[in-house]
Amino acid sequence: MAQTIRGTILQTPSPDSFELLSDQILTVDDEGTIESIVDGSRSEADVDVELGTEMVLLPGLIDTHIHAPQWPQLGTGLDLPLEKWLLDYTFPLESRFENLDFAEAVWSHMVPSLLREGTTTAVYYGSVHEPATVALAEACVRHGQRAFVGRVAMDHPDGTPDWYRDQGATAAVSASQRSIEAIRTLPGAPGLVEPIVTPRFIPACSDAALMGLGELAHATETRIQTHCSESDWEHGHVLDRCGHTDAHALDGFGLIADHTVLAHATHLTDDDRSLLARTGAGVAHCPLSNSYFSNAVFSTRRAIDAGVRVGLGTDIAGGPESSLLAQCQHAVTSSQMLETGVDATRSDDRGVGGSRIDAVTAFYLATGGGADLLGINAGLLARGRVFDAIAVDIGEQSRVRRWDGDEWARTFEKIVRGATAREIRHVWVGGRLVGEHSSGPVSRRG
Ligand SMILES: [Zn+2]
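Everything numeric in this text was worked out from a predicted model, so none of it was measured. (Residues numbered from 1 in each chain as written. Predicted model: local features only at pLDDT ≥ 70, side-chain atom pairs only at ≥ 80, totals over all residues.)

Check the secondary structure of the protein chain and you find 13 helices and 17 strands. In terms of overall dimensions, the protein chain has a C-alpha envelope of 65 × 60 × 40 Å along the principal axes. Counting the 446 residues in the protein chain, one finds 54% classified as buried. Relative to all contacts within the protein chain whose residues are 6 or more apart in sequence, the contacts with residues 24 or more apart total 74%. (Helix = DSSP H or I, 4+ residues; strand = E, 2+ residues; numbered from the N terminus. Buried ≥ 20, exposed ≤ 12 C-beta atoms within 10 Å, placed from the backbone. Contact = placed C-beta atoms within 7 Å.)

So, in C-alpha cells, the structure goes:
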C-alpha cells in the first residue's frame, strides 16, 4: 500500500557532502520505492507517518561484512591472532551450525537485533552448512531485512580442520550452487534477499575450489564476497602460495568482478587499488576488527581517491560491536590514528598525512558507499531509490538530543557518534516497517 512519511532528512549524497532536507513529504509506492519527495510546507495533504520535530529520518545502514554464525561469540575471544582465533574459537562455533535448531535460534535472535540497530541491509557469511545458510536467508525474508547470504566454501586440507570443511573442491562448488538455487527460489526473497558466492579466503580454499567458485559466480550471475589482504599472516600466505597479492590472485581465479566485496583489504598496494577501481570490486572496511586482527589501518581516503568503492562492515564477531553507527565512529578514530601515528617516541615518521576522515565520510560509507559497493538502489533517500530508512529520536529524552539553536550538521554528527538502538525508533526496509520499539507507535494523522 502506498504511504506518505513527513519529516526532516539528514544524509550524505557523496563521501564529502552532508545534506539537510527540512520538512519533506516522501511518497513510497507499493513496491517500497520512493516515488516523490516534496517540501512539506507547500503541501496540505494528510500523511500516514508524521515524524514531527522530535525525530529525523536518515537512510538505513548497510553492513557489508557480517559472519552470521559468529553472533553467539560477539564481544569475546579477541586475545589471539587471526589464524589461531579461527582454529581455537571460530571454527568450533561455526561447526555447531550443522544443528539446524541451533542455527534457527541464532538467526531469530540476530536478525531482529541488527534491524533494531538500523542495519537495513546485511551482507552475510553463513557457515559451510546448506540448511543453516538457507534458514538464514529465510529469517531475513521473515523479518524483512535486505540481505546477501553466502554459504561459506572452504576445502583446503591445510587451512581448515577436518571436522569443519567441504569434502573437496567439487563438493564445495556443488554445495554453493545448490544454496544459490535454494535462496533464489525462496518465497519472498526476490528483490530482498539474494545469494552471494563466498569462498572464505584463499588460505581456506584449494585452487580448484577458488577457480570453480569464480566460474559459478559468472555462470549464475551472482555477486562474490571474500576476505582480501587481511593481516601480515594472510597477506604473506597468499604471496608465498600464489606469487601475487590477494587482489591479483583472486582476479586470477575469476573472483574479482563488478561489486565483488573484499573484506578488510588493509594491505592493498597501489596496483591492487587500480585493479579494484578498474573492475568495480571494492572493500568492506571493518575498522574495529582491523584493530584486533589486521596489523594495519585501512586507508579509506587513499582508496576513495583511487576510485575504489568502499562500504563499512562490523565483521561480527572479529569486530566485537554490532552497531554500524558505532563502526562509523571507529572508522573516524582509526583514520585519525593513521594520520597522526601512535608512538610518541617517533618524531618525524609517526603517521600518514591526509588519512583522516570525518563523520560525514564515515556515514557515507555506511549508506551510499555500501550501496555503491553492492550495486543496490539504497543508501540515500531520493526519488527512485528504495525506502530503507531509520527514524532517530532527537527529542528531550534522547542522548542525541537536539538543543535549541543547534546547527543541523552538529545534530547529524551527534547521531552518527552517539545514536544506539534506543534512539533508533523506527526502521523501514523497502517501505515496510520492520523494527518498531515498544516505547511508542508512529504517530498517525489524517
Ligand atoms: Zn570476516
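Once that is clear, we can look at the nonpolar core. Of all hydrophobic cores here, the largest spans 130 residues; its most connected members are Tyr124, Leu136, Val149, Cys328, Ala362 and Val392. Examining the composition of this core, we find that 10 residues originate from one element, helix α12 (residues 359-374), more than from any other. A domain-level breakdown of this core finds at least three residues from each of domain 1 (3-58 + 379-436) and domain 2 (61-374). Residue contacts for Val149: discarding those within four places in its chain leaves Tyr124, Gly126, Thr133, Leu136, Ala137, Cys140, Ile183, Val193, Pro195 and Ile196. (Core = buried A, V, L, I, M, F, W, Y, C linked by C-beta atoms within 7 Å. Domains from an automatic or database assignment.)

Closest axis-to-axis distance for the helix α4 (residues 169-184)/helix α5 (residues 207-220) pair is 8 Å, and the angle between their directions is 25°. When the axes of α4 and α5 are compared, the pair comes out roughly parallel. Where α4 crosses over α5, the two elements pack in a sense that is right-handed. For the pair α4 and α5, contact is made by Ala169, Ala172, Val173, Ser176, Gln177 and Ile180 and by Ala208, Ala209, Gly212, Leu213, Leu216 and Thr220, respectively. (Axes fitted to C-alpha atoms, helices over the stretch in contact; angles between N-to-C directions. Parallel < 35°, antiparallel > 145°, perpendicular 65-115°, else oblique. Left-handed = near helix turned anticlockwise from the far one by under 90°.)

With that out of the way, let us pick up helix α2 (residues 100-116). In this model α2 runs 24 Å from its N-terminal to its C-terminal C-alpha over 17 residues, within 8% of the 24 Å that 1.5 Å per residue would give. What α2 keeps buried is the set Ala103, Val106, Trp107, Met110, Val111, Leu114, Leu115 and Arg116. (Expected span 1.5 Å × (residues − 1).)

Attention now moves to the environment of Val197. If you trace the backbone, Val197 turns up in strand β10 (residues 193-199). Residue class for Val197 comes out buried when judged on the 28 C-beta atoms lying within 10 Å of it. It is 8.0 Å that separates the C-alpha atoms of Val197 and Leu216, two residues lying 19 residues apart in sequence. Among residues more than four places away in sequence, those in contact with Val197 are Gly150, Ser176, Leu213, Leu216, Ala217, Thr222 and Ile224.

For the protein chain, the assigned domains read domain 1 (3-58 + 379-436) and domain 2 (61-374). Computed from C-alpha atoms alone, the centre-to-centre distance between domain 1 and domain 2 is 29 Å. At the interface, 24 residues of domain 1 touch 28 residues of domain 2. Only β1 (3-14), α13 (408-418), β16 (424-429) and β17 (432-436) provide two or more residues apiece to the side of domain 1 that touches domain 2.

What follows is about the environment of Gly212. Topologically, Gly212 is positioned in helix α5. Judged by local crowding, Gly212 falls into the buried class, with 24 C-beta atoms found within 10 Å. C-alpha separation for the pair Gly212 and Ser174, spaced 38 residues apart in sequence, amounts to 9.3 Å.

The element β10 is extensively covered by neighbouring structure, given that 7 of its 7 residues are classed as buried. Of the two faces of β10, the one carrying Val193, Pro195, Val197 and Pro199 and the one carrying Glu194, Ile196 and Thr198 are both buried. Across 3 bridges, the pairing between strand β8 (residues 146-150) and β10 is parallel. When the sheet's bridge partners are listed, Val149 is paired in β10 with Pro195. With respect to chirality, the unit in which strand β9 (residues 152-153) leads through α4 into the neighbouring parallel β10 is right-handed. (Pairing = 2+ DSSP bridges. Right-handed = clockwise from strand over helix to strand, strands pointing away.)

So, on to the environment of Tyr124. Within the element layout of this structure, Tyr124 appears in strand β7 (residues 119-125). Classification of Tyr124 as buried rests on a count of 29 C-beta atoms within 10 Å. Expressed as a C-alpha distance, the spacing of Tyr124 and Val332, which sit 208 residues apart in the sequence, is 24 Å. The contact partners of Tyr124, leaving out residues within four places of it in the chain, are Ile66, Ala68, Leu136, Ala147, Phe148, Val149 and Gly150.

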